[in-house]
Amino acid sequence: MISIPEEGKSKEEVLKELELARQNDARWEDGRIFSLVFHFSEEHSKLVKDAYSMYIHENGLNPMAFHSLRKFESEVVQMTASLLNGDSNTVGCMTSGGTESILLAMKTYRDKARKERGDRYFVPEVIIPDSAHVAFLKAGEYFDIKMIHAPVDKTGKVDVSAVERRITPNTVALVGSAPNYPYGTIDPISELSDLAIEYNLNLHVDACVGGFILPWLEKLGEDITPFDFRIPGVTSISADLHKYGYSAKGASVILYRSMDIMKYQLFVSVNFPGGIVMTPGLTGTRPGGAIASAWATLMSLGQNKYIENAKNLAEIVRKFKEGIQTIPELEIVGEPQGPLFAYCSKTPKVNIYAVADILESKGWHIDRQQKPASIHFMINPLHGKIVDEYLNDLRDAVEKVKENPDLAKQATAPVYGMLANVPLRGMVESEVRKIVEDIYKGTSPEINLEEQNTPDNVLTIIKKLFSYLSNK
Ligand SMILES: *Cc1c(COP(=O)(O)O)cnc(C)c1O
């Protein structure tokens, strides 16, 4: 175990160590990773850093102490509400990220239902598409809400009649995504809204990844299913500034149609010896930097730069999709709209995980998905320079796998295939839990946190799982 150095190191030494440590991280600057990082431009990053560091010590916990942060938060919320076609009744707050925004919306609907029914132990049901973000499952676990799954159809969108069949007297809310993460498809929000109105339910739209990109694409004339407050049954929307808003990480917005709903989110305690406490979200201290840099980002990019960027992204997406469609063995999953999508194999002759292994050996960081076995994309400006190289590597990889079917039995391909298909999900879960415990105990010899992101160690983790499973 290491302890805090008795004598601190020099600033230069520490910074050098930081620089050295990142050598093994995913190299996002080269456009070889398709998730996790959103980058607008060098110039913009500099502004975000300057704004963040200017407010590095300010705390958004107490809105009375730092008037500037209260103003920034209020204006960020208003600008987001305006973008998503809210009106003067629309309210909301900033949170640490999409997960917090979703957790809050679910807690709000639970507490609203409990209040309305006069039953503080009522366990509500929320109907979510199978494609909904995992944060909804987390909300279910944390807040004792039953998450009821509704299937997704061939287009990758939730089956609305299946949603209707799942409505019971305990249902309090429906969920749709704009778009969802795995397929990049937008659920039929209007039809969900009709159900929500008919059955008097809340409707949350998860626009975490889409909130700051779909509106610009719509303005450009792209085909975007309407999903925002223009749809009358929509009662709340989550939208992440730290994704296509291009702000610093730690910034999302949760919006409600009115304070009649949002009031169930707010926490007030008058009995704490330390004084009266009121917080809008899950956290206490809130980083001033995340709030100030979000405001600075919206003010400095302005609508025109967002639109210009959206146009550029739409072009990159089109090139990728067209390229993939010329490969007869592959197809795009469902009907994605916007910068997220996935592709899978149409033929048993081409194992998509074997394709992923080959791409990875050529230095691409590949996001593999299950259900269906597919490869995921989240397009950002840096990908403009690598489209052709990627598509060439992809064509080669598909050919190699076709010529050599044994590749499906090598490297990680069989492991991913197996993990996706093992019927005993409980067993998989308990193994993954042990691995997470090992990581946080810091005791696992195989899993070194510092090297966690290198392909070898991901492989080690999965191999460990695999050997366990095959010993059963
Ligand atoms: C990213 C994402 C979330 C969760 O957001 P975090 O900021 O990672 O907590 C929720 N929903 C969708 C569709 C997302 O893409």
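For the structure given in this document, a descriptive report is provided here. Keep in mind that what you see is a predicted model, and the values were worked out from it rather than measured.

## Topic: the site of the ligand
Surrounding the ligand, one finds 13 residues, the nearest of these being Gly98, Thr99, Asp206, His242 and Lys243. Note that an oxygen atom of the ligand is positioned 2.5 Å from one of the side-chain N or O atoms of threonine 99. Interatomic distance of 2.8 Å between a side-chain N/O atom of histidine 242 and an oxygen atom of the ligand. For the ligand, the accessible surface in isolation is 380 Å², of which the surrounding protein chains cover 84%. Here the shell around the ligand is composed, by residue class, of 5 nonpolar, 5 polar and 3 charged.

## Some details on the sheet that holds strand 6 (residues 236-240)
Within the open sheet, the 7 strands sit side by side as 1-7-6-5-4-2-3. Their pairing is mixed. Either end of the sheet is taken by a strand with one partner, and the two such strands are strand 1 (91-95) and strand 3 (146-150). Strand after strand, the sheet turns through a mean of 20 degrees between neighbouring axes, direction not considered. Examined bridge by bridge, strand 4 (residues 171-177) and strand 5 (residues 202-206) share 5 bridges and lie parallel to one another. Across the sheet, the residue bridging to alanine 173 is asparagine 202, located in strand 5. Running at roughly 25 degrees to strand 7 (residues 252-256), helix 4 (residues 98-117) makes contact with strand 1, strand 2 (125-129), strand 3, strand 4, strand 5, strand 6 and strand 7 of the sheet.

## Side note on unusual backbone geometry
Omega for the bond connecting alanine 178 with proline 179 falls within 30 degrees of zero, at -10 degrees, which places this linkage in the cis form. Within the secondary structure, proline 179 sits in the loop between strand 4 and helix 7 (189-198). That bond from lysine 371 to proline 372 is cis: its omega, -10 degrees, falls within 30 degrees of zero. Locating proline 372 in the fold gives a position in the loop between strand 12 (367-369) and strand 13 (374-378). The phi dihedral of leucine 36 falls on the positive side, at around 75 degrees, and the residue is not glycine. One can find leucine 36 in the loop between helix 1 (11-21) and helix 2 (42-54). Unlike most non-glycine residues, aspartate 144 shows phi in positive territory, near 60 degrees.

## Comments concerning a negative patch on the surface
Where like charges cluster on the molecular surface, the negative patch consists of Glu164, Glu191, Asp194 and Glu198. Its place among the elements puts aspartate 194 in helix 7.

## A short note on the packing of aromatic side chains
We describe a pair of aromatic rings using the distance from one ring centre to the other and the angle between the two ring planes. For the structure shown, the criterion picks out 18 aromatic pairs. Relative to tyrosine 390, the ring of phenylalanine 34 has its centre 5.4 Å away and its plane inclined at 75 degrees; by these criteria the two rings are edge-to-face. A residue pair is termed long-range when its members are at least 10 positions apart, and phenylalanine 34 in the loop between helix 1 and helix 2 and tyrosine 390 in helix 12 (residues 387-403) qualify at 356 residues. The burial state of phenylalanine 34 is the same as that of tyrosine 390; both residues are buried. Arranged with centres 6.2 Å apart and planes meeting at 85 degrees, the rings of tyrosine 142 and phenylalanine 143 form a pair that is edge-to-face. One residue, arginine 32, lies across the ring of tryptophan 364, its end atom 3.9 Å from the ring centre.

## As for the environment of glutamine 410
Within the secondary structure, glutamine 410 sits in the loop between helix 12 and helix 13 (413-421). Overall, the relative accessible area of 40% leaves glutamine 410 in the partly exposed class. Placed 148 residues apart in sequence, glutamine 410 and methionine 262 show a C-alpha to C-alpha distance of 52 Å.

## A short note on the sheet that holds strand 10 (residues 330-332)
Strand order in this open sheet of 4 strands is 10-11-13-12, and the pairing throughout is antiparallel. On the outer flanks of this sheet lie strand 10 and strand 12, each paired with one strand and no other. Taken pair by pair, the neighbouring strands of this sheet meet at an average axis angle of 35 degrees, ignoring direction. The sheet contact formed by strand 10 and strand 11 (residues 340-345) spans 3 bridges and is antiparallel. Directly across from leucine 330, in strand 11, lies its bridge partner serine 345. Most of the contacts of helix 10 (residues 288-325) go to strand 11, to which it runs at about 10 degrees, and overall it touches strand 10, strand 11 and strand 13.

Rules used throughout
Residues numbered from 1 in each chain as written. Predicted model: local features only at pLDDT ≥ 70, side-chain atom pairs only at ≥ 80, totals over all residues. Heavy atoms only, no water. Near = heavy atom within 4 Å. Polar contact = N/O pair within 3.5 Å; in protein donor to acceptor, adjacent residues only side chain to side chain. Areas by Shrake-Rupley, 256 points an atom, 1.4 Å probe, with all protein chains shown as cover. Nonpolar A, V, L, I, M, F, W, Y, C, P; charged D, E, K, R; others polar. Pairing = 2+ DSSP bridges. Helix = DSSP H or I, 4+ residues; strand = E, 2+ residues; numbered from the N terminus. Axes fitted to C-alpha atoms, helices over the stretch in contact; angles between N-to-C directions. Contact = heavy atoms within 4.5 Å. Patch = residues over 30% accessible without salt bridge, like charges linked within 9 Å, V, L, I, M, F, W, Y side chains within 5 Å. Salt bridge = Lys/Arg side-chain N within 4 Å of Asp/Glu carboxyl O. Lys, Arg positive; Asp, Glu negative; His and termini not counted. Charge placed at Lys NZ, Arg CZ, Asp CG, Glu CD. Phe/Tyr/Trp six-rings, centres within 6.5 Å; stacked < 30°, edge-to-face > 60°. Buried < 20%, exposed > 50% of the residue type's maximum accessible area, 1.4 Å probe, protein only. Lys NZ or Arg CZ within 6 Å of the ring centre and 35° of its normal.

By themselves, these are just geometric observations and shouldn't be taken as functional.
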